[in-house]
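Residue-level structure breakdown
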Amino acid sequence: MTASRYASWLAALVILAGILAFSLVLWLQFAQGEQPCSICVYQRLADLAVIVIVTMGFFWKGTVRQGLWILAALYALLGAALAGWQWHLTQMAADQIETCSSVQVFQSSPALGGLGNDLASTLSGHGSCALAGSKSLAGWPITHWSMVFFLGCAVLLLVAQWLSRRVQT
């Protein structure tokens with residue numbers, strides 16, 4: 001297998017992990033009743049940005065692909081920073097913060113019917129960021145899972161970019 005093929009496999013793994021992570025948070029919200037806070041919503045947007053940008057990279061080759069994968073890695077690092085901030089809020093201020101600022105990325109529209117309401121609910125945050133960060137999944141806080149996910153994606157994308165660059169030289 002060539003270095004270019006390894007790079008593509010790593011990027012595809014990032015896309016798959018991003019889709020799985022996004023599906024998991026939707027399951028937590030809609031099936032388990034865990035409402036996202038504003039920081040959670042921004043992490044979802046970072047995840048979506050990583051998925052879209054890495055997917056776009058498959059349509060180009062060379063320098064453009066490398067640039068897109070570096071951009072996606074930066075979004076993954078931003079997601080990790082947001083998870084780290086939420087972890088900080090959980091550790092230091094859970095008893096002091098009532099709510100964090102509410103965010104509404106997408107307004108529901110009567111023209112879209114139920115889909116518009118679901119999309120608006122998925123991309124709107126409410127509640128305490130510190131309390132949302134203290135929730136656990138499989139015995140580990142969600143903020144930790146989120147940070148590991150985003151850092152893993154960033155590492156995989158940087159390795160993929162490095163492998164892709166090695167092929168060109």
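Anything mentioned here points back to the structure above.
Residues numbered from 1 in each chain as written. Predicted model: local features only at pLDDT ≥ 70, side-chain atom pairs only at ≥ 80, totals over all residues. Heavy atoms only, no water.

**Points about the overall build of the protein**
Helix and strand content of the protein: 6 helices and 4 strands. Helices and strands in the protein line up, N terminus first, as α-α-α-β-α-β-α-β-β-α. Counted over contacts in the protein with a minimum sequence separation of 6, partners at least 24 positions apart contribute 76%. Taken as a whole, the protein presents about 9200 Å² of accessible surface, with 68% of it coming from carbon and sulfur. (Helix = DSSP H or I, 4+ residues; strand = E, 2+ residues; numbered from the N terminus. Contact = heavy atoms within 4.5 Å. Areas by Shrake-Rupley, 256 points an atom, 1.4 Å probe, with all protein chains shown as cover.)

**Observations concerning the nonpolar core**
One finds V14, V50, V54, W69, A76, F150 and L157 to be the most contacted residues of the largest nonpolar core, which totals 27 residues. Residue contributions to this core peak at 8 residues, all from helix α6 (residues 142–168). Here L157 is in contact with V14, V50, V54, W69, A72 and A73, once residues within four sequence places are set aside. Core analysis: the next-biggest nonpolar cluster, separate from the first, contains 5 residues, I39, C40, L82 and L89 among them. (Core = buried A, V, L, I, M, F, W, Y, C linked by side-chain atoms within 4.5 Å. Buried < 20%, exposed > 50% of the residue type's maximum accessible area, 1.4 Å probe, protein only.)

**A word on the environment of L77**
Along the chain, the position of L77 falls in helix α3 (residues 63–93). Residues L77 and F150, spaced 73 residues apart in sequence, show a C-alpha to C-alpha distance of 6.3 Å. Dropping the residues within four chain positions of it, L77 is found in contact with L151 and A154.

**Quick notes on the packing of aromatic side chains**
Under the counting rule described, the total for this entry stands at 3 aromatic pairs. Taking 5.0 Å as the distance between ring centres and 90° as the angle between the ring planes, the aromatic pair formed by W140 and W145 counts as edge-to-face. (Phe/Tyr/Trp six-rings, centres within 6.5 Å; stacked < 30°, edge-to-face > 60°.)

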